[in-house]
Amino acid sequence: MAQVGTRGSRLARAQTAWVIERLRAAVADRRWLEVLVSTTGDQNGSVSLGTGVFVKEIERALLDGAIDIAVHSLKDLPTDPTPGLTIAAIPQRADPRDCLVGGRLEDLPDGARVGTGSPRRAAQLRRLRPGLQVVPIRCNVPTRVDKVRSGQVEAVMVAAAGLERLGIPADDLLDPEVVLPAPGQGALAIQAREGDHLASLVAALDHPPTHSATTAERAVLAALGGGCMLPVATYARSEGGVLVVEAAVTSDDGTRQVRARASGDPADAAALGAGVAERLADLGALDLLPEITGAPPAPQGAGWDDAAPA
């Protein structure tokens, strides 16, 4: 029997159940058992704690042998690899887009309150709709949706994949041409110990197009600093066998944005991502980052979208 480590939130458990179902189909002669691990981010959901707060305890359990593999939201994983561990598989990603619950972006009146805990989302919202009020919120997805239903905000912006996995409908799916998502958004990572035989078994779930796309996206983030608190937006996808990588950095007030794009062989995903980051830097992206990261810190992405058990 193999023990599969995960956080205890509804979203994390839904993601892990999805992985276990596919592992049972791919490796029928082995039992897979979910094991819940409490993380620093779960224990301190209202506090901004920085990179890796949703994975450190899970990785420690994996290194110590308390669990055999781990399932993470890929964008929770720091870009620097953890010694002794490997990403054994990145399954086919779900919807990578951001979305709104509470209404359509174009229909929200000026002054409407839109909740998000992501500097990346907040900056792009201010760029697109400067008349909206961006309200910082840090809680799990169902609680965010409840804030709309209770009238505390008119809308929230979250990852479409999280809503889909929880069975919650979205009111407005935002095209990446309008709002670029976070690196790795919608993708899962299955982590294993380096050299462990389970790593090769789990590799059956790897989806090469997703793996190359998210490798490029994470390379952009790594080249610009690597932290989950950086408001770096990037999206890569395969178009006719060619990997297309787009990325952007937007000033905190939304008045300035630099954007870059490159395409090439998926086998060169990491180099493509690094090249896009270099182009962003040439366009002045590094001058925008201190402005944003100097604001009250709030990690972006799946972590704070699902920051406490629910």
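Fair warning: this is a prediction, and the values are worked out from it, not measured in the lab.

## Remarks on the sheet that holds strand E10 (residues 188–193)
- Strand order in the open sheet made by the 5 strands is E2-E1-E3-E10-E4, with mixed pairing throughout. Edge positions in the open sheet fall to strand E2 (32–36) and strand E4 (85–89), since each of these has one partner strand only. Sheet twist, expressed as the mean angle between neighbouring strand axes with direction ignored, is 35 degrees.
- Bridge count between strand E3 (residues 69–73) and E10: 5 bridges; the pairing is antiparallel.

## Thoughts on the packing of helix H8 (residues 208–223) against helix H9 (residues 269–282)
- Two elements in contact, H8 and H9, have axes separated by 7 Å at closest approach and are oriented at 35 degrees. Considering how the two elements wind past one another, H8 and H9 form a crossing that is right-handed. Counting all contacts with H8, which are made through Ser212, Thr215, Ala216, Ala219, Val220 and Ala223, the residues of H9 involved are Ala269, Ala270, Gly273, Ala274, Val276, Ala277 and Leu280.

## Examining the pattern of salt bridges
- In the structure shown here, the tally under the stated rule is 19 salt bridges.
- Across the pair Asp172 and Arg104 runs a salt bridge, and its minimum N-O distance is 3.3 Å. Placement of the pair is Asp172 in strand E9 (residues 172–174) and Arg104 in the loop between strand E5 (98–101) and strand E6 (113–116), with a sequence separation of 68 residues.
- Using a relative accessible area of 6% as the deciding quantity, one classes Asp172 as buried.
- Two residues, Arg129 and Asp110, come together in a salt bridge whose shortest N-O distance is 3.1 Å. In this pair, Arg129 sits in the loop between helix H4 (119–128) and strand E7 (133–136) while Asp110 sits in the loop between E5 and E6, placing the two residues 19 residues apart along the sequence.
- Judged by relative accessible area, which is 15%, Arg129 ranks as buried.
- Overall, Asp110 belongs to the exposed group, its relative accessible area being 63%.

## A closer look at the environment of Gln15
- Position of Gln15 relative to the elements: it lies in helix H1 (residues 10–26).
- As a C-alpha pair, Gln15 and Leu166 span 151 residues in sequence and 9.2 Å in three-dimensional space.
- The contacts of Gln15, once residues within four sequence positions are left out, are Ser73, Arg165 and Leu188.

## Some thoughts on the nonpolar core
- Val220, Leu243, Val245, Val249 and Leu280 are the most contacted members of the largest nonpolar core, which has 22 residues in total.
- Looking at this core, the elements that each hand over two or more residues are H8, strand E11 (232–239), strand E12 (242–250), strand E13 (257–264), H9 and helix H10 (285–293).
- The element that contributes the greatest number of residues to this core is H9, accounting for 5 residues.
- Core analysis: the next-biggest nonpolar cluster, separate from the first, contains 18 residues, Ala88, Leu188, Leu198 and Leu205 among them.

## What to know about the side chain of Thr116
- Mapping Thr116 onto the fold places it in strand E6.
- Of the polar contacts made by the side chain of Thr116, one reaches the backbone nitrogen of Ser118; its length is 3.1 Å.
- Beyond its immediate chain neighbours, meaning those up to four positions away, Thr116 contacts Arg121, Ala122, Leu125, Val134, Val135, Pro136, Ile137, Arg144 and Met157.

Reading the values: the criteria
Residues numbered from 1 in each chain as written. Predicted model: local features only at pLDDT ≥ 70, side-chain atom pairs only at ≥ 80, totals over all residues. Heavy atoms only, no water. Pairing = 2+ DSSP bridges. Helix = DSSP H or I, 4+ residues; strand = E, 2+ residues; numbered from the N terminus. Axes fitted to C-alpha atoms, helices over the stretch in contact; angles between N-to-C directions. Left-handed = near helix turned anticlockwise from the far one by under 90°. Contact = heavy atoms within 4.5 Å. Salt bridge = Lys/Arg side-chain N within 4 Å of Asp/Glu carboxyl O. Buried < 20%, exposed > 50% of the residue type's maximum accessible area, 1.4 Å probe, protein only. Core = buried A, V, L, I, M, F, W, Y, C linked by side-chain atoms within 4.5 Å. Polar contact = N/O pair within 3.5 Å; in protein donor to acceptor, adjacent residues only side chain to side chain.

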